[in-house]
Amino acid sequence: MTDTTAPTIPTLDDIEKARETIAGVARVTPMETSQFLAEVLGSPVHLKCENLQRTGAYKLRGAYNRLSMLTEEQRAAGVVAASAGNHAQGVALAARELGIPATIFTPVGVALPKLQATRHYGAEVVLRGHSVEEALSAAKDFAAHTGAVFIPPFDHPAVIAGQGTLGLEIVDQVPDVDTVVVPIGGGGVISGIAIAVKGLAERLGRTIRVIGVQAENAAAYPDSLDAGEPVTITTTPTIADGIAVARPGDLNFPIIRDLVDEIVTVSDDDVARALLVLLERAKLVVEAAGAVGVAAIMAGSVRDTGRTVVLLSGGNIDPLMMERIITRGLVAASRYIGIRIMLPDRPGQLARVAQVISDAGANVVEVLHTRHGQGLVISEVALDLSIEARGPDHAEEVIQRLHEAGFRPEQLLQTP
């Protein structure tokens, strides 16, 4: 069953009503401070920890608000959604809380923890296709044939209003906030937050800036804003897969165009560094899409305009992906480097190299010693080393020590 009502942009009043609706279901998540990020930005930085929300992301807010508006007839018919992660879990839990049957279509390659969590919340999960687009098509077909109500992830007034409750909490928790930094995929959460904080700022007679952050490999909004309408882009793989959306939402686009002050992009290396900082400094587990705001501050893409709140939008990260991202973050921060050294093929050379690295205070974590590489002469061996260092300056010191010892190290590009 498709929603035939004409979509209207939600108001601040709609968001305040949504807060009453979701009270007792969605948590008011903590607001933490970050001294490290404050030193980077030059002003106080607060972290809105929606990664600690039930289901591990903000999606529960919009899903519950939307489902709560269904008629008894619609509830009996059930709901259907398509998602590879957070939206699936949000809809599944909201449906369970309201006693509504839910069917979720996910791509075949969905991460196992997300699949298990969605089933745990009571939804029937159908694996279909190899992309979210294929799962989305299957979900809409299911809605058409069964009468189930399709629940979109971001492009619906009730969903936007539910996500906008975050904006109310942000102003409650940090009343003197000057800037709010928010991840953007399709645009649901930033739409709601922008309506909320801009509306509250107008009531208070002050200004609050809203900055959106997209992954540079999936940044549909800059092109769409240039074109003056939503356009579809070709995305390329990104670790921030939770915001890899090829086209802005039709309802979200005009809200973002009119209310969001700036949109910036970040690279995968920026995001990996941010995740590492959040783990080490803030002791917070955040998914890649949820860390793009922190990445933007660390990359210098957000300028200092006063007290800043950054939304950590989710924490649902596959442990295997986390391992890869941590490694990438270490590489991006020059704390994990790879080098190749060509050595004479005679005893003791490996021990000499190891001693130089040890004396420099670094640690060798992996060694490949071979006589069979291309370009080797018969009397040479290639030594590939993976080394732990303390950062860029220390990595440079290790390389310099090796040069001083008579070796010719070549730094390798690491691609975890």
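Residues numbered from 1 in each chain as written. Predicted model: local features only at pLDDT ≥ 70, side-chain atom pairs only at ≥ 80, totals over all residues. Heavy atoms only, no water.

Caption draft 1: Representation of the overall build of the protein in the model. The secondary structure content of the protein amounts to 16 helices and 14 strands. Counting only residues that meet the buried cut, the protein has 54% of its 416 residues in that class. Approximately 18200 Å² of the protein is accessible, and the part contributed by carbon and sulfur atoms is 49%. Averaging the locations of the 35 positively and 49 negatively charged side chains of the protein gives two centres separated by 3 Å. (Helix = DSSP H or I, 4+ residues; strand = E, 2+ residues; numbered from the N terminus. Buried < 20%, exposed > 50% of the residue type's maximum accessible area, 1.4 Å probe, protein only. Areas by Shrake-Rupley, 256 points an atom, 1.4 Å probe, with all protein chains shown as cover. Lys, Arg positive; Asp, Glu negative; His and termini not counted. Charge placed at Lys NZ, Arg CZ, Asp CG, Glu CD.)

Caption draft 2: Looking closely at helix α11 (residues 252-259). Among the residues of α11, those classed as buried are Asn252, Phe253, Pro254, Ile255 and Ile256. Contact partners of the buried residues in α11: α8 (157-173), α9 (188-204), α10 (220-227) and β9 (262-266). (Contact = heavy atoms within 4.5 Å.)

Caption draft 3: Looking closely at helix α7 (residues 132-146). For α7, with 15 residues, the first-to-last C-alpha span of 21 Å sits near the 21 Å given by 1.5 Å per residue. Every buried residue of α7 is accounted for by Ala135, Ala138, Ala139 and Ala143. All buried residues of α7 lie within an arc of 145° about the axis, which places them on one face of the element. What points out from α7, more than 90 degrees from its buried face, is the exposed set Glu133, Ala144 and His145. Where α7 is buried, its residues touch β3 (79-82), β4 (102-106) and β6 (149-150). Downstream of α7 by one or two residues, Gly147 has phi in the positive range, about 85°. (Expected span 1.5 Å × (residues − 1). Arc of directions from axis to C-beta.)

Caption draft 4: The environment of Thr305, seen in detail. One can find Thr305 in the loop between α13 (292-298) and β10 (308-312). Assessed through its relative accessible area of 26%, Thr305 is described here as partly exposed. With 71 residues separating them in the primary sequence, Thr305 and Thr234 have C-alpha atoms 33 Å apart. In contact with Thr305, other than residues within four places in its own chain, are Asp178, Thr179 and Arg209. At a separation of 3.5 Å, a polar atom in the side chain of Thr305 contacts the side chain of Arg209. (Polar contact = N/O pair within 3.5 Å; in protein donor to acceptor, adjacent residues only side chain to side chain.)

Caption draft 5: The sheet that holds strand β7 (residues 179-183), seen in detail. Taken in spatial order, the six strands line up as β1-β2-β10-β7-β8-β9 in an open sheet, and their pairing is mixed. Looking at which strands have only one partner, the edges of the open sheet turn out to be β1 (31-33) and β9. For this sheet, the mean inter-axis angle between neighbouring strands, taken without regard to orientation, is 25°. Across three bridges, the pairing between β1 and strand β2 (residues 45-49) is antiparallel. (Pairing = 2+ DSSP bridges. Axes fitted to C-alpha atoms, helices over the stretch in contact; angles between N-to-C directions.)

Caption draft 6: Just the nonpolar core, in detail. One finds Val180 and Ile193 to be the most contacted residues of the largest nonpolar core, which totals 35 residues. Elements supplying a minimum of two residues to this core: α1 (12-22), α8, β7, α9, α11 and β10. Broken down by element, this core gets its largest block of residues, nine residues, from α9. Of all hydrophobic cores here, the second largest spans 34 residues; its members include Ala215, Ala240, Val266 and Ala274. (Core = buried A, V, L, I, M, F, W, Y, C linked by side-chain atoms within 4.5 Å.)

Caption draft 7: Structural context of the sheet that holds strand β12 (residues 363-370). The four strands lie next to each other as β12-β13-β11-β14, forming an open sheet whose pairing is antiparallel. Edge positions in the open sheet fall to β12 and β14 (410-412), since each of these has one partner strand only. Put simply, the sheet's adjacent strands are angled 25° from each other on average, direction ignored. Relative to strand β13 (residues 380-388), strand β11 (residues 336-344) is paired through nine bridges, and the arrangement is antiparallel. Bridge pairing in β13 places Leu343 opposite Val381.

Caption draft 8: Broad picture of the packing of aromatic side chains. According to the stated counting rule, one finds two aromatic pairs in the structure shown. Aromatic side chains Tyr221 and Phe253 sit 6.5 Å apart centroid to centroid with 15° between the ring planes, which places their arrangement in the stacked category. Taken together, the residues span a long stretch of sequence, with Tyr221 in helix α10 and Phe253 in helix α11 at a distance of 32 residues. Of the residues examined, Tyr221 reaches a relative accessible area of 0% and is grouped as buried. Judged by relative accessible area, Phe253 falls into the buried class, the value being 3%. (Phe/Tyr/Trp six-rings, centres within 6.5 Å; stacked < 30°, edge-to-face > 60°.)

Caption draft 9: Empty space enclosed by the protein, seen in detail. As enumerated under the stated definition, the model contains two cavities of 30 Å³ or more in all. Roughly 40 Å³ of volume is contained in the largest cavity. Leu275, Leu279, Leu284, Val286, Ile317, Met322, Ile325 and Ile326 are the residues that line the largest cavity. Listing elements by their share of the lining of the largest cavity, those giving two or more residues are α12 (268-282) and α14 (319-332). In terms of residue count, the dominant contributor to the lining of the largest cavity is α14 (three residues). (1 Å grid on protein atoms, 1.4 Å probe; cavity = no way out; pocket = protein on both sides within 12 Å on 5 of 7 lines; lining within 4 Å. Points joined across faces, edges and corners; volume = space filled by probe spheres on them.)

Caption draft 10: Main features of the pairing of β2. Buried residues dominate β2, accounting for five of its five residues. Of the two faces of β2, the one carrying Val45, Leu47 and Cys49 and the one carrying His46 and Lys48 are both buried. As defined by bridge partners, β2 adjoins β10 across five bridges and the pair is classed as parallel. Opposite Lys48, over in β10, you have Leu311 as the bridge partner.

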